[in-house]
Every structure is written in C-alpha cells, then in structure tokens.
Amino acid sequence: MSRTSTDIDEPSDPEADQPPPGDDHAFLGHPRGLATLSGLEVWERFSFLGMQAILVLYFADTVANGGLGMNPGTAASVSAAYGTMVYLVSVAGGWLADRILGSYRAVLWGGILIACGHYAMAVPTAAMTWVGLGLISAGTGLLKPNVASMVGKLYKTDDDRRDAGFALYYMGINIGAFAGPLITAWLGEHQGWHWGFSAAAIGMTAGLIQYVAGRRHLAGRKHSAEFALAPDAMRSAVTKIIAGILLFAALATLLAVLGWLTMGRFVDLLTLVSVIAPVVYFVIMFRSPRVTGEERGRLRPYVVLFLASVAFNFILFQAYSTMMLLASTNARTEILGFTFPAGWYASALGAFEVLLAPVVAALWVRMGHKQPHASNKIAIGVILGGLSFLLMVIPTSGHTGDTYKMAAWWIIGSYLLLGLGDILLETSGMSATTKLAPKAFASQTMALWFLSLALANGIQAQVVKLYGQVSTPAYFGVNGAIAVAVGLAVIALAPWLKRTMHPVH
C-alpha cells in the first residue's frame, strides 16, 4: 500500500491502529479510550439533540415570536428532512475516513463543521439557519460513522465486553441527550430560539477540546487513512469532491431562484435519495472483489438488521417531531406544581437511557455468552418502540376537540418504552455492524448503519405530513402496530440469523 504525505509527518506508532491490550480496564473495566470517545459524544449529542428538541418548535412558531411560521405537518416534515440529510452524508464521511482523512481527522473536522453550524444558527436570520443546518449535516456525516467505528477498534471481535462497551458509549450519548434539551429549551422559550442554538454551539466546542486532549488513548488515531488512495488518486478525488460541492451549491441556488426547487420538492428529493442510496450501497458491497465470500455471507443477515433499524428509528425520531408537537399543544407542562418548557420532554428520553444503559451493560457482562443473541435484542427494541406509540392511543382517544390536555406521565411513559428499546437496538446494532463489516469497508459499513437512520427519516418526512390530517389515535396506532409487526418478524427469523451472523452472538 502506498504511503501518503501524512504518513511521513506522523511519528512511528505501530500500536496506533491496534486495539488496546485485553487487560486494559482503566475506564469502568473498559479501555480508557472509551472515556474519550464517550466524552466527545456527550457534547456532540448535547449540541445536536439540544438543537433538535427545539428545531420543530422553532419552525412551527410564528414569525412574530421569532419562528419561521410553518404549519405543524410541514415543520415536522422539514425537521425530518434535515435528519435525512445528516445521515445521508455519513456515507461520504465513512469513505473519506477510509480513503483520505483517517478516522481521527474525520471526527475532528466533523466536529469543527458542527460547531460552526451551530454558531451560524445562533445568528437570528432565516438564511443563517439554513447555512447552519447544512454545516451541521456535513459535520455529523463525518463524525458519527467514524467515532462509532473507533469505539469498535478498542475491542477484539470476541471480547465479551464489546456490547457492554457500546452500551456505556451509548450512555455517554444520552447524557448529552438529557442535558442538551434542558438548556436549549429553557433558553428558547425564555430568551429566544437562537439563544438555544448558541448553547448548542458552546457544547460542541467543549466536546472538541476534550477529544483532542484525550487522543493518545485512541486506537486508530494515526492520521493516515487505513485504505488510503495513492497520492495522484487522492489529489484527483479531492479536486472532484470540491468541484462537485461547488456545482451542487450553484445548481441548487439556480433552481431555487427559478422557483423549481421548493421546500416540498427538496424534502421529496431527499426521501428518494434515502431509498436509493442504501440499495446501491448494498449492491456495491455484495459485488466488490475486496469482500470475501465469508464476509458476503455475513452481509445477508445484516440486511434484516438494517430494516429493523429503519422501523425502530422511524418511531424514535418522531420523539423530536410529532411527539414534541403533541407535547407543546396537548400535554400539560407541569409536574407537582413545577412548570417546565415543552422541550424538556425530550430530556426524559435521554434521562431514561442514562439510567438504563449501565443496567443493560452490567446485565450483558454478567450473562456473558448466555446473553440473548444480537438479533433478539434488536427485535425486542423494535417492539418496545412500537408499544411506545401504541401507548399514545389511550390519552389521545375519546376527545371531541383538540384542546384537551393529557397528563405529563403519558408522554414520559412513552419515552420510557422508547428509551429502553433504543438502548437494546442501537447498542446491539452498532456493535453487530462493527463485527459484520467487511474489512475493506470498515468505516463505510458503519455509515451504512446510519443510512438506515437516513431512510427512517426519509420515510418520516413523508408520513408526518399526515399528522394533523388524520386522527391522532389513528396516526400513532397504525405506526406503532407496524413497528411491533416488524419486531415479531425479526424474532421469527432468529434461527436463520443465529446461523448466518457468526461471529456475532
């Protein structure tokens, strides 16, 4: 493999891309690098989900109150489209890490773009809102698939701590998910939406600082890409990427000026791309000569896990769209006499995951090889997600108008089910992905997992348009029932999945 210029500048460190020794228990019985990566995710999720908790409310608020004045269905659809774009870009992020930047630098530059995007959204103009969302989408696409891959590099494939490590990593994610909405929602409601976006910017900056400070503990921190392109090919690729970005920006601007690229058409386009992209990507991986027959066999059950992820995350992401709109209009925002912003409901999801993640991690460690198969963990997670929506049928039924107020405990109970399902599915899904990934597509296969999130958001961007158009009980009931059915189908496929997912247990 040819060396790039970045290899020459780096100190020789043969252990830089190797997992730490098996006896490395410096962080709660896990490799110390897990603390650095979890710390980064605390602040990245603080900023991302802190902003996400108020984004749909900002879109739907009146212009007089500092919002953009969208109707609820459109606000939820645009918010979902933004999520679609975030995870679509993750494919490029995985490829850039594998071929040009390396995981460490991909995560670093991704974090810088995210921070710049939040600072842009702090500027109180609609134009800077769209600029900021674009920067955050690009940055998250670089950061998310690669930081998760770096967690996988901390463990050997047969290390029983692996799933527990991802559970702790996911607990770090949800500490940020819990804290972010508490700050941004309070600022958004009391000081203005852009004050909330400012808090998100500061959070991401803090995450970058601790990431750089703890880089010596990371496996895979070497600057050069693991499957780097040859120098000439790399220069050509960089030139084409820059030219493509500029061409896309110019074309989008022209079509918008001419009136063809409306917001509705842009949302529809993203949904279409979210459907096509994973199909194309699976085809490429199945046909690649660099993928061995054994690796190709493990990709087949991965398709099932991919679809299960789509079904669950379609429900999960609505915690920040339709559920947030429902909470702001039809749920009480007080508990035991204490009044709180509607955006704080989003923190309940993070709080449950913070509390439950270490319990789940300890359970898996205690059970060792006796723990449920990864496919069953994922299936149960999907079922719990569906039940979280089915629960909402009860308090939304039997009302003659839309002025009713349900007790806060209904939404909190829904988020409890959703949070537990999220822990089971996402930790097992990310862990299984790093085990099933073909070696030549390591970071890109992690990106493929995030493409399931893009597809979930793409479908959501269309379905949420029905919110407010059909009865609320029917909306939540049908969507919840579909998710439960998908989970039961995965359980039915468990015997085949267990045979074909080796070495995943």
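Treat the numbers as computed from the prediction; the structure is a model and nothing was measured.

**Comments concerning the overall build of the chain**
Okay, step 1: A count of helical and extended segments in the chain gives 18 helices and 2 strands.
Okay, step 2: Across the 505 residues that make up the chain, the buried fraction comes to 56%.
Okay, step 3: Residue pairs in contact within the chain that sit at least 24 positions apart in sequence constitute 84% of those at least 6 positions apart.

**Some details on the confidence of the model for the chain**
Okay, step 1: Summing up the model confidence of the chain, the mean pLDDT is 82 and the portion of residues at 70 or higher is 89%.
Okay, step 2: Highest mean pLDDT in the chain belongs to helix α17 (residues 472–492) (94); lowest belongs to helix α1 (residues 5–9) (39).

**Focus: the nonpolar core**
Okay, step 1: In this structure, M51, Y345, I411 and Y415 are the most contacted members of the largest nonpolar core, which totals 97 residues.
Okay, step 2: Of all the elements, helix α10 (residues 293–316) adds the most residues to this core, at 12 residues.
Okay, step 3: Core analysis: the second largest hydrophobic core is formed by 34 residues, A115, L154, M204 and L218 among them.

**Observations concerning the environment of A408**
Okay, step 1: By the secondary structure assignment, A408 is in helix α15 (residues 408–436).
Okay, step 2: Distance in space between the C-alpha atoms of A408 and Y345 is 8.7 Å, their sequence separation being 63 residues.
Okay, step 3: Apart from residues lying up to four places away in sequence, A408 is in contact with R332, E334, I335 and Y345.

**Focus on the packing of helix α2 (residues 33–60) against helix α11 (residues 322–330)**
Okay, step 1: For the pair α2 and α11, interaxial distance at closest approach is 9 Å and the crossing angle is 65 degrees. Between α2 and α11 the crossing geometry is right-handed. Residue-level contacts link A53, V56, L57 and A60 of α2 to M324, L325 and S328 of α11.
Okay, step 2: By residue class, the composition of the contact of α2 with α11 is 6 nonpolar, 1 polar and no charged.

**A look at the environment of L269**
Okay, step 1: Mapping L269 onto the fold places it in helix α9 (residues 263–287).
Okay, step 2: We classify L269 as partly exposed; its relative accessible area is 41%.
Okay, step 3: When the C-alpha atoms of L269 and A81 are compared, they prove to be 9.4 Å apart, with 188 residues separating the residues in sequence.

**What to know about the pattern of salt bridges**
Okay, step 1: As enumerated under the stated definition, the model contains 4 salt bridges in all.
Okay, step 2: Here K465 and D268 are joined by a salt bridge, their closest N and O atoms 3.2 Å apart. Taken as a pair, K465 in the loop between α16 (442–463) and α17 and D268 in helix α9 lie far apart in primary sequence, 197 residues in all.
Okay, step 3: The exposure class of K465 is partly exposed, given its relative accessible area of 34%.
Okay, step 4: Since its relative accessible area comes to 36%, D268 is described here as partly exposed.
Okay, step 5: A salt bridge links R298 to E294, with the shortest nitrogen-to-oxygen separation between them at 3.2 Å.

**Re the packing of aromatic side chains**
Okay, step 1: Taken as a whole, this structure holds 17 aromatic pairs when the rule is applied.
Okay, step 2: A centroid spacing of 6.4 Å and a plane angle of 10 degrees characterise the contact between F340 and W344, whose relative ring orientation is stacked.
Okay, step 3: Residue W344 is classed as partly exposed on the basis of its relative accessible area, which comes to 22%.
Okay, step 4: Seen in terms of ring centroids, Y467 and Y475 are 5.7 Å apart; in terms of plane orientation they differ by 75 degrees. Their pairing is edge-to-face.

**Re α17**
Okay, step 1: Compared with the 30 Å implied by 1.5 Å per residue over 21 residues, the 31 Å span of α17 between its first and last C-alpha is a close match.
Okay, step 2: All buried positions along α17 are accounted for by P473, Y475, F476, G477, N479, G480, A483, V484, G487 and V490.

**A closer look at the side chain of S388**
Okay, step 1: Residue placement: S388 occurs in helix α13 (residues 374–391).
Okay, step 2: A polar contact is formed between the side chain of S388 and the backbone oxygen of G385, at a distance of 2.6 Å.
Okay, step 3: Once residues within four sequence positions are removed from consideration, S388 is found in contact with I315, S414, L417 and L418.

**Some details on the side chain of T84**
Okay, step 1: With respect to the helices and strands, the residue T84 is situated in helix α3 (residues 72–101).
Okay, step 2: Only 3.1 Å separates the side chain of T84 from the backbone nitrogen of G458, close enough to count as a polar contact.
Okay, step 3: Every residue in contact with T84, bar those within four places of it in the chain, is listed here: L270, S274, A454, N457 and G458.

**Details of helix α8 (residues 231–257)**
Okay, step 1: Its 27 residues give α8 an end-to-end C-alpha distance of 39 Å, which sits within 8% of 39 Å, the value for a rise of 1.5 Å per residue.
Okay, step 2: Within two residues after α8, G259 carries a phi angle of roughly 90 degrees, on the positive side.

**What about the packing of α2 against helix α7 (residues 193–213)?**
Relative orientation and spacing of two packed helices are given, respectively, by the angle between their axes and the distance between those axes.
Okay, step 1: The contact between α2 and α7 brings their axes to 8 Å, and the two run at 170 degrees. On the basis of their axis angle, the class for α2 and α7 is roughly antiparallel.
Okay, step 2: Considered class by class, the residues forming the contact of α2 with α7 number 17 nonpolar, 8 polar and 1 charged.

Thresholds, definitions, all that
Residues numbered from 1 in each chain as written. Predicted model: local features only at pLDDT ≥ 70, side-chain atom pairs only at ≥ 80, totals over all residues. Heavy atoms only, no water. Helix = DSSP H or I, 4+ residues; strand = E, 2+ residues; numbered from the N terminus. Buried < 20%, exposed > 50% of the residue type's maximum accessible area, 1.4 Å probe, protein only. Contact = heavy atoms within 4.5 Å. pLDDT = per-residue confidence, 0-100. Core = buried A, V, L, I, M, F, W, Y, C linked by side-chain atoms within 4.5 Å. Axes fitted to C-alpha atoms, helices over the stretch in contact; angles between N-to-C directions. Left-handed = near helix turned anticlockwise from the far one by under 90°. Nonpolar A, V, L, I, M, F, W, Y, C, P; charged D, E, K, R; others polar. Salt bridge = Lys/Arg side-chain N within 4 Å of Asp/Glu carboxyl O. Phe/Tyr/Trp six-rings, centres within 6.5 Å; stacked < 30°, edge-to-face > 60°. Expected span 1.5 Å × (residues − 1). Polar contact = N/O pair within 3.5 Å; in protein donor to acceptor, adjacent residues only side chain to side chain. Parallel < 35°, antiparallel > 145°, perpendicular 65-115°, else oblique.

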